[in-house]
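Here is what each chain is made of, one letter per residue.
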2 protein chains.
Amino acid sequence: MMRYGACNKLYRTCLLATKLSHTSSQVSPHTVTTLLSSVNPEFQGHNVSNSKNSFLSRRVYMSSVSLGSLAAKEQEGHQKGIEFQLLRAVEDQHGGVVVNIDETMDTLVFASMLDVSLARWKEQGKKGVWIKLPIENSNLVAAAVKAGFRYHHAEPDYVMLVNWISNAPNTIPPNASHRVGIGAFVMNSNGELLVVQESNGRFSGKGIWKLPTGAVNEGEDICTAAIREVKEETGIDTEFVEVLAFRQSHQTFFQKSDLFFACLLQPYSFKIQRQASEIAAAQWMPIEDYVAQPFVRENELFDLLTKIWLSKVDEKYTGFSTILAKTSKSKKSYLYFNKKDAKSTPQELVQTRS
Amino acid sequence: MMRYGACNKLYRTCLLATKLSHTSSQVSPHTVTTLLSSVNPEFQGHNVSNSKNSFLSRRVYMSSVSLGSLAAKEQEGHQKGIEFQLLRAVEDQHGGVVVNIDETMDTLVFASMLDVSLARWKEQGKKGVWIKLPIENSNLVAAAVKAGFRYHHAEPDYVMLVNWISNAPNTIPPNASHRVGIGAFVMNSNGELLVVQESNGRFSGKGIWKLPTGAVNEGEDICTAAIREVKEETGIDTEFVEVLAFRQSHQTFFQKSDLFFACLLQPYSFKIQRQASEIAAAQWMPIEDYVAQPFVRENELFDLLTKIWLSKVDEKYTGFSTILAKTSKSKKSYLYFNKKDAKSTPQELVQTRS
């Protein structure tokens, strides 16, 4: 199992690398192979007869059977009077390299450069080879796959492929595995709960009053997302108090998992303005009426969440509130914990104990 | 903002759809266009002169300028005596369709079928069109992108593309956004903490003793991952007690975020057998020695976590323990909450209050 810290570090390195790859090259510049024009029938999957092909066809065929040595490839290229070139790459801190193709490139030029580059990286004992292809370079995906790459992840505007070329154990870190969502308990001074009816989804059209819920955006804090969703859906301004509980569920979309955080928020505005597109109705509702809904009573999970929230209303419950703390890299991030219970400093505690 | 529940539902539908797409078709079967062989120079990016091309070239050119009506396309096809065919798809519950290409297909056949299918789906008022391409079909990626699709996500063996073809607001749910990790506090009856030194990563070779940590696997529960990582790294058998705190951080790898759960575990074996590949050393260490490390004292976050854990050691702290609860769909998932504080049932509490 890839170490957790190591994964993060590798990812950070890759991110940096993809930013740098077209401004610098830590892999020594090397004059090698490129075929700037010609059509390779094997590669395209169409039988086009073209005299410019013969060398590349043979070369690609050879490389698919056995990569051979880089020196042999270079020599072959020089004999043909063809200039060869490696793909530009930067090294990562885990013995791998990262390639970022951010300009248009002919499919066959790329395939040829990748072929020679892989041979070079193998000779150098590199481990993981990462290729980031912006969507504009989708023509290169099939060539990378043909060269042994697999998908690592994709965002709307790029796909990241990876190829473990070493004999050492594969330590490629996994892709993001979870989506994160929030539900918001918001109560006014009359002891009424802020509830909504949704226009779409499994609860729509059934008269069910539920908590405002929503997905945490990319790069957004849970405590910020809860405030945003309540504002978007109901127009109510709130302050984050604490996470009352959270639930982890699996296989909620494709193979991915889901972390759902039930948050307590303190309102400081009370006039409801519902989101026209997604919310059919919104209101402040007496607790008893919310709890009495079969939808709440018959679902073990909703029942537990209500129990927790009512314990809080009666001031018997402590959830996890937040503190913004610096890491060793001076990056700030929220820590969620039971602040009421954690009172002393570590030094005080150690001194008390000894 | 896409509703949270709705997103999950859509994803579930897509998952189902991708499983079904080659066994059933809810989009009405329709005899239409397919070009089973010919080379389109525009599409391949190579100027190959080929007499079979003329019709397809014109058709693709037309479609890239203006899709025109499906009827016109069909008529044109019939005039040429060519059989047309739609891509097989299933409808999702959000007015979209899902296509799963799980057999090899010629790039141009796919491009042509996709073109005609999109025209049909637009006429039908469909919204999101999803295409799942196994890695064996990487030759089709560029054609889908050319037709207006963007990447949604990718796993090692497939890429999922999506195209919002409606004029209604785009409600395509986001991709998984978080990785999840754990750190484990394990203390023996002598008040000693289980600590390790890592072979790789930012803490290696520095003599730093740290908690066992690791990434939560796809589909794995946090409480299970903590037990597994401790066992893997140190050979120690444990029982999960509670989540003491958690931290959310951003931009830890590519654009993704990270949720790190600090877990308390109770050991029931004590003989250490370290993981040779990743752990340089492992031991039971007096609390005072662990806390005294500059690495712990100088990092605000580690300092806070230690403070929380020491509060727990002195029985002053309550974190979130687990209960396995059923949802309305009888799917079981773990809820993490302050069990000590949540004692009554909702009905009891409501009755108490009224």
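Residues numbered from 1 in each chain as written. Chains lettered and ligands numbered in written order. Predicted model: local features only at pLDDT ≥ 70, side-chain atom pairs only at ≥ 80, totals over all residues. Heavy atoms only, no water.

Undergrad: When you look at the packing of aromatic side chains in this model, what are you seeing that I'm missing?
TA: Aromatic ring pairs are described here by two measures, namely the spacing of the ring centres and the angle between the planes. What the rule picks out here adds up to 20 aromatic pairs over all chains. Ring centres 6.4 Å apart and planes at 55 degrees place the aromatic pair tyrosine 334 of chain A and tyrosine 336 of chain A in the tilted group. Given a relative accessible area of 21%, tyrosine 334 of chain A falls into the partly exposed group. By relative accessible area, which is 0% here, tyrosine 336 of chain A ends up buried. Through a chain of ring-to-ring contacts, the aromatic side chains of Phe240, Phe246, Phe261, Phe320, Tyr334 and Tyr336 of chain A together with Phe240, Phe246, Phe261, Phe320, Tyr334 and Tyr336 of chain B assemble into a single cluster. (Phe/Tyr/Trp six-rings, centres within 6.5 Å; stacked < 30°, edge-to-face > 60°. Buried < 20%, exposed > 50% of the residue type's maximum accessible area, 1.4 Å probe, protein only.)

Undergrad: When you look at the sheet that holds strand E5 (residues 128–134) of chain A in this model, what are you seeing that I'm missing?
TA: To summarise the sheet geometry, strands pair through backbone hydrogen bonds and adopt either a parallel or an antiparallel arrangement. Residues and elements named next belong to chain A. Here five strands make up an open sheet; going across it, the order is E3-E4-E5-E7-E6 and the pairing mixed. Both edges of this open sheet fall to strand E3 (90–91) and strand E6 (150–155), since each of them pairs with a single strand only. Pairing of strand E4 (residues 97–100) with E5, which is carried by four bridges, proceeds in the parallel orientation. Pairing of valine 97 across the sheet is with valine 129, part of E5. Where helix H5 (residues 107–123) meets the sheet, its contacts fall on E4, E5 and strand E7 (158–164), and the angle it forms with E5 comes to roughly 160 degrees. (Pairing = 2+ DSSP bridges. Helix = DSSP H or I, 4+ residues; strand = E, 2+ residues; numbered from the N terminus. Contact = heavy atoms within 4.5 Å. Axes fitted to C-alpha atoms, helices over the stretch in contact; angles between N-to-C directions.)

Undergrad: Would you mind going over the pattern of salt bridges with me for this structure?
TA: Between side chains of opposite charge, a pair can form when the charged atoms approach closely. Here the structure, examined in full by the defined rule, presents 20 salt bridges over all chains. Close ionic contact of glutamate 155 of chain A with lysine 256 of chain B constitutes a salt bridge, the shortest N to O distance being 2.7 Å. Highlighted residues: glutamate 155 of chain A in strand E6 and lysine 256 of chain B in strand E12 (residues 256–267), drawn from two different chains. Given the relative accessible area of 6%, glutamate 155 of chain A is considered buried. For lysine 256 of chain B, a relative accessible area of 3% translates into the label buried. Connected through shared salt-bridge partners, Glu220, Arg228, Glu229 and Glu232 of chain A make up one network. (Salt bridge = Lys/Arg side-chain N within 4 Å of Asp/Glu carboxyl O.)

Undergrad: What's the story with the sheet that holds strand E5 (residues 128–134) of chain B in this structure? I'm lost.
TA: All names here are of chain B. The sheet built from five strands is open, its strands ordered E3-E4-E5-E7-E6 with mixed pairing. Both outer strands of the open sheet, strand E3 (90–91) and strand E6 (150–155), are each paired with one neighbouring strand and no more. Helix H5 (residues 107–123) contacts strand E4 (97–100), E5 and strand E7 (158–164) of the sheet and is inclined by roughly 160 degrees relative to E5.

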